[in-house]
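Each chain is listed here by its residues.
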Amino acid sequence: MEKKVKTQWSAEQLTKVALITGGPDIQPTQAMPNDPFESMYAKNQVIEPLLPLGALVQLPLISSTLASCVDAYEVNIEGHGYHFECLITDKKELDRLKDKPSKEGELSIDDELELVEETFDYFNPKESLTSVRRKLRKDREYTASCYLECVRNRAGMFAGGWPLPSHEMRLLPLDDKPTVITTRRLKKDWTWKEVREEVYFRRFVQIRGSRKVYFKEFGDPRNVSARTGEYLPNSSRADLATEVIHQCNYSPATPYGLPRFAGAMLAVLGSNEAEKVNYRLFLSNMIPAMWLFAMGAPLDVEKIREQIRNMRGKPDTMFKILMVEAIAQGTGDGAIEKPGIPRLDVKPMTQFQTKDMLHQQYLKSNEEAIAAAFRLPAIFRGRSTDYTRATADTARRVSEEQVFSPERNETDFMINRLILPNMGIRYWKFVSNKPELQDFEEQARILNYLGQHGGVNPNMLVKFYNRAFNDSIPEIAEPWGNQPLPITLEELRAQGFMGGAGGFTLTEKTKDSAAKGMTKLFLDTLLHIRENSQKEHAA
């Protein structure tokens, strides 16, 4: 009995005819199928994607708008690097934990920082973590999924990772039964709490050519064969499958997720067809600059046809003249009639030639539809020339808050929830860097206002200076560096430096003037230090 197997969309039409399986009457072809996983779909071994992943990764070849949107995501989300922040914000608590001896098997705060920086700075022998993240982001935006292969050291600790090409990866169904695992949760006293949970894991398979490689999901404690994908009680280290962290743009329709531009797919394909029309128009324009007609005698039709054939496929057609020649009757040895006298007439055809490309409004509408799917303003795609500083700053700020920052936070959450606990990291968290969007002029006005009302301390000025001038002047370590200037002045007066019998009385007005003066003094001092530093470097 024949069995109909539901298949998915093709590369161009996003749909394809259902395959018919069963006992064939004619010997089947031995050619490789378009999708190397096709035989596994029929056996329900692998979940079939809703869209053809191999065709999705080729879409930037036909859509410049799609490529620019993905590049904007890649650079603005993953291209700014990363750093580690200490979870302990209280200085006294930090000093106490630094002085506290570590238990056996636990790392100190400084040792933890050294471990994570070494692991992430040398993420794999060929690429940095930022490079890996950019590849994963590009995969995710084109195919809706990305796969990070995680490798461990001999102690079973996370030691780095590699990006896996998303179009070569497929998902196996979730396990029928859950697996009991032990997860770590960090308590407020900086100790681990172990919790037993039941999780449904899945496996993954990669096919390249005739070779298959299986992977298991990150955190699955069972041994999985990399060659067969089967769960094995015992297996050699070389045969064990490595782990994969799978991220996708969630969709209830498929576990692979759907690309952001799925709703604008027809705009992507339609724009490509419109651009093909324009390309063919300029390549093979069949309207010459003018026609030269000969009337009053029969025409040499074959010669005209030959001229037209010679014009096809040549870009200089629009500058040619098509000559239509006539053959006079009665020419020849046995002619009776007198030769006809042809009359020539010139007909310009430039008014019928296309002056500009076709479908301009259609292409513009499609470009806006694709960009809207990514929620990107035109300035990120290099398409606008009418931006002012105010509108550009607003576009950057809104895009950072609504688009880029949430995506960055998702990656940070994955690393902090899955990878760092596996490494035993308690005191540090992974943070992706963000672009500098501060308006320093506005911040200077705010600092000036706060300084007038006694709300500025010296270290606030140092931090502002370092951000504004990209400098690294150290903060003041003494306690007065973190307290408002009026309080510091009061302490000085109380100690007799600015008051008492030998000094002067510090009134409220005098304290305000002194606070403003000290604020100006600090800013002038910082600027003076910067100028001297630049002179030294120049010398």
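Per chain, residue numbering runs from 1 following the sequence as it is written. Only residues with pLDDT of 70 or above have their local features reported here, since the model is predicted, and side-chain atom pairs are shown and tallied only from 80 upward, although totals for entire chains, interfaces and linings are computed over all residues. Remark: hydrogens and water are excluded; side-chain values derive from all non-hydrogen atoms of the structure.

A. How the structure looks around the nonpolar core. The biggest cluster of nonpolar side chains holds 29 residues, and the ones touching the most others in it are Phe 84, Val 116, Phe 120, Ile 419, Leu 420, Met 423 and Phe 430. Numbering of helices and strands runs from the N terminus; a helix is a DSSP stretch of H or I covering at least four residues, while a strand is a stretch of E covering at least two. Within the residue set of this core, elements represented by two or more residues are strand 3 (82-86), helix 4 (91-99), helix 5 (109-121), helix 6 (129-143), strand 4 (145-152), helix 10 (389-422) and strand 17 (428-432). Any two residues whose heavy atoms approach within 4.5 Å at even a single point are treated as in contact. Excluding anything up to four places from it in sequence, Phe 430 contacts Tyr 82, His 83, Phe 84, Phe 120, Leu 129, Arg 133, Asp 412, Ile 415, Asn 416 and Leu 420. Counting residues in each nonpolar core, the second largest holds 25 residues, with Leu 56, Cys 69, Phe 261 and Met 265 among its members. Take the buried residues of types Ala, Val, Leu, Ile, Met, Phe, Trp, Tyr and Cys, join any two whose side-chain atoms come within 4.5 Å, and each joined set is a nonpolar core. Partly exposed describes any residue whose relative accessible area lies between the buried limit of under 20% and the exposed limit of over 50%, with all areas from a 1.4 Å probe on protein chains only and scaled to the type maximum.

B. Expanded view of a negative patch on the surface. Taken together, the side chains of Asp 110, Asp 111, Glu 114, Glu 117, Glu 118 and Asp 121 define an acidic patch exposed on the protein surface. Turning to its location among the elements, Glu 117 is positioned in helix 5. Residues forming no salt bridge and having over 30% relative accessible area are the ones grouped into patches, like charges within 9 Å of each other and nonpolar side chains (Val, Leu, Ile, Met, Phe, Trp, Tyr) within 5 Å. Reported accessibility uses the Shrake-Rupley method at a 1.4 Å probe radius. Residues are deemed covered only where the shown protein chains occlude them. When a carboxyl oxygen of Asp or Glu is within 4 Å of a side-chain nitrogen of Lys or Arg, the pair counts as a salt bridge. For the charge count, each Lys or Arg is scored as positive and each Asp or Glu as negative, with His and the chain ends excluded. By convention, charge coordinates are those of NZ in Lys, CZ in Arg, CG in Asp, or CD in Glu.

C. A look at the sheet that holds strand 9 (residues 203-208). Read from one edge to the other, the open sheet built from six strands follows the order 5-4-13-10-9-6, with strand pairing classed as mixed. This sheet does not close on itself; its edge strands, each paired only once, are strand 5 (158-164) and strand 6 (169-171). Along the sheet, successive strands turn relative to each other by an average axial angle of 40 degrees, direction set aside. Throughout, an axis means a line fitted to C-alpha atoms (over the contacting stretch in the case of helices), and angles, computed between N-to-C directions, take values from 0 to 180 degrees. Sitting on the sheet, helix 6 is in contact with strand 4, strand 5 and strand 13 (243-248), with an inclination near 145 degrees to strand 4. At least two DSSP bridges between two strands are needed for those strands to be called paired.

D. Layout of the side chain of Glu 168. Along the polypeptide, Glu 168 turns up in the loop between strand 5 and strand 6. Polar contacts here mean pairs of N or O atoms no more than 3.5 Å apart (in protein, one a potential hydrogen donor and the other a potential acceptor; neighbouring residues in sequence count only if both atoms are side-chain atoms). Looking at Glu 168, its side chain comes within polar contact range of the side chain of Arg 208, at 2.8 Å. Excluding its chain neighbours within four sequence positions, the residues that come into contact with Glu 168 are Phe 37, Val 205, Gln 206, Ile 207 and Arg 208.

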